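Geometric and topological summary
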Amino acid sequence: MSTKTNPVIAIEEHYWDAELSALFMGVESTRDAEIMRRLTDLGELRIKEMDEAGVDVQVISHGAPSAQKLTGPDAVALTRRVNDRLHAATLAHPARFAAFAALPTDNPQAAADELERTVQLGFKGAMLHGLANGVFLDDKRFRPIFARAEALDVPIYLHPALPMQAVTDAYYADYIKDFPMVVRPAWGFTVETATVAIRLILSGLFAEHPKLKIVLGHLGETLPFLLWRIDQALKRPGAKAMSFRDVFTSNFYVTTSGFFSDPALLCCVMEMGVDRILFAVDWPFVANKPATEWMGRVPLCAEDRAKILGGNAKKLLKM
Ligand code: GRE
Ligand code: ZN
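First, a word on what this report is: a plain description of the structure on this page. Everything quoted here is computed from the prediction, not taken from an experiment.

**Description of the site of ligand 1**
What surrounds ligand 1 is the set Arg31, His159, Arg184, Pro185, Phe189, Asp282 and Phe285. Measuring from an oxygen atom of ligand 1, one finds a side-chain N or O atom of arginine 31 at 2.6 Å. For ligand 1, an oxygen atom lies 3.3 Å from a polar atom in the side chain of arginine 184. Contact with the protein chains hides 92% of the accessible area of ligand 1, taken as 280 Å² for the molecule alone. Most atoms of ligand 1, that is more than half of them, are within 2 Å of grid points of the largest pocket. Counted by class, the shell around ligand 1 contains three nonpolar, one polar and three charged residues.

This is the structure we're talking about:
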């Protein structure tokens, strides 16, 4: 599917930095052994599985919760070390790897500066994961991060993270034992991330920063499917004037990470247009091959398929 001028670019592909992930707590502190083996690989195994599936380039990002639960004086310096090590990994394989930065959200001004520093190194933007120590990202304290992303013309990728404990207890605890993924990709992650995105829009962020670009994985975390209803319902009498649809279709991009469904993809194409859909796998939580095999048979013309597989990423990420 790829050609020399049209490489297949996957943009939600994860790793774990040893120093950062050693600080992860509780259920976030580890994953299944086979996944751990891949998360900690920034070389041979990763590239082998890319080659086997026809993935030419990974835009690599830290797994959840990344730097987002760090606090205190070392948060900034530690995140800088994490990004520097990821940068070194991309320099070791410049034709195969690019990167999204981790940001020390606990210190928003420093996070904005770290975004700028990493973009100057060649990073393609940054990835944020759910709430920042229990605070939604629409809180005004985080505006410097979004302002800097707009100024640098790089996207912020909004990735899922586990819900807060109180949410998990109220909404999911009854079923976690029998269905451990209910709180993760099966549903909890989706609710969390869609809520962050909706709140960013309601907060007026995109009126303040009309050129800001946000990426959502998992074919938009249900929002393309719900777009008509959210837009129509928000406009009912009594509401502030705002077009949810205009913001979502002007400032947001979605990726195919972990969601290889024709009807779901076609819904995104119909609501957002093909130029706003980018290929991603969510490796190593999801295998590469089912993703590229699916892309090979999606009911789209060759031109649109090529845009999703890499053309749109080349433009959005200036690759
Ligand atoms: C995780 O962080 O645990 C995770 C993902 C994506 C899919 C499944 C999953 O980040 O468990
Ligand atoms: Zn992911």
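The discussion continues.
**Notes on the sheet that holds strand S3 (residues 97–99)**
Taking strand neighbours across the sheet as the criterion, the three strands line up as S1-S2-S3 in an open arrangement whose pairing is parallel. Every other strand in the sheet has two partners, leaving strand S1 (9–15) and S3 as the edge strands with one partner each. Across the sheet, the mean angle separating the axes of adjacent strands is 35 degrees when strand polarity is ignored. Taken together, the three bridges between strand S2 (residues 57–62) and S3 define a ladder with parallel strand orientation. Opposite valine 59, over in S3, you have alanine 98 as the bridge partner. Each of S1, S2 and S3 is contacted by helix H4 (residues 74–92), which is oriented at about 155 degrees to S3, the strand it contacts most.

**Describing the coordination of the zinc ion (ligand 2)**
Within the protein, the atoms that donate to the zinc ion (ligand 2) are Glu12 (OE), His14 (NE2), His159 (NE2) and Asp282 (OD), at distances of 2.0 to 2.2 Å. Taken together, the four donor atoms surrounding the zinc ion (ligand 2) define angles of 87 to 171 degrees at the centre, an arrangement classified as irregular. Of note, the zinc ion (ligand 2) draws all its donor residues from one chain, in the sequence arrangement E-x1-H-x144-H-x122-D. With a gap of 270 residues between them, glutamate 12 in strand S1 and aspartate 282 in the loop between strand S8 (277–278) and helix H15 (288–297) connect regions that are remote in the sequence.

**Overview of the nonpolar core**
Core analysis: the largest hydrophobic core is formed by 77 residues, its most contacted members being Phe146, Ile156, Leu158, Phe248, Phe252 and Phe279. Broken down by element, this core gets its largest block of residues, five residues, from helix H9 (residues 188–202). Ignoring anything within four residues of it in the chain, the contact list for phenylalanine 252 reads Ala197, Ile201, Phe206, Ile214, Leu216, Val247, Met272 and Arg276. Counting 15 residues, the second largest nonpolar core, distinct from the first, contains Val59, Val215, Leu278 and Leu317.

**Focus: the sheet that holds S8**
On the basis of which strands lie adjacent, the open sheet formed by five strands has the order S4-S5-S6-S7-S8 and parallel pairing. The outermost strands of the open sheet, each flanked by one partner alone, are strand S4 (126–129) and S8. Taken together, the three bridges between strand S5 (residues 156–159) and strand S6 (residues 214–216) define a ladder with parallel strand orientation. Across the sheet, tyrosine 157 pairs through a bridge with valine 215, a residue of S6.

**Description of unusual backbone geometry**
Cis rather than trans, the peptide bond between alanine 64 and proline 65 has omega equal to -5 degrees. Structurally, proline 65 can be placed in the loop between S2 and H4. For the bond from tryptophan 283 to proline 284, the omega torsion is 5 degrees, close enough to zero to count as cis. Here proline 284 shows up in the loop between S8 and H15. Here the phi dihedral of serine 66 falls at roughly 50 degrees; this positive angle occurs in a residue that is not glycine. You can see serine 66 is positioned in the loop between S2 and H4. One non-glycine residue with positive phi stands out, namely glutamate 221, at about 55 degrees. Inspection of the secondary structure puts glutamate 221 in helix H11 (residues 218–221).

Calculation rules
- Residues numbered from 1 in each chain as written.
- Chains lettered and ligands numbered in written order.
- Predicted model: local features only at pLDDT ≥ 70, side-chain atom pairs only at ≥ 80, totals over all residues.
- Heavy atoms only, no water.
- Near = heavy atom within 4 Å.
- Polar contact = N/O pair within 3.5 Å; in protein donor to acceptor, adjacent residues only side chain to side chain.
- Areas by Shrake-Rupley, 256 points an atom, 1.4 Å probe, with all protein chains shown as cover.
- 1 Å grid on protein atoms, 1.4 Å probe; cavity = no way out; pocket = protein on both sides within 12 Å on 5 of 7 lines; lining within 4 Å.
- Sits in = over half its atoms within 2 Å of the grid points.
- Nonpolar A, V, L, I, M, F, W, Y, C, P; charged D, E, K, R; others polar.
- Pairing = 2+ DSSP bridges.
- Helix = DSSP H or I, 4+ residues; strand = E, 2+ residues; numbered from the N terminus.
- Axes fitted to C-alpha atoms, helices over the stretch in contact; angles between N-to-C directions.
- Contact = heavy atoms within 4.5 Å.
- Donors = N, O, S within 2.8 Å, 3.2 Å for Na, K, Ca; no water.
- Tetrahedral: all angles 85-135°; square planar, octahedral: opposite > 155°, others 65-115°.
- Core = buried A, V, L, I, M, F, W, Y, C linked by side-chain atoms within 4.5 Å.
- Buried < 20%, exposed > 50% of the residue type's maximum accessible area, 1.4 Å probe, protein only.

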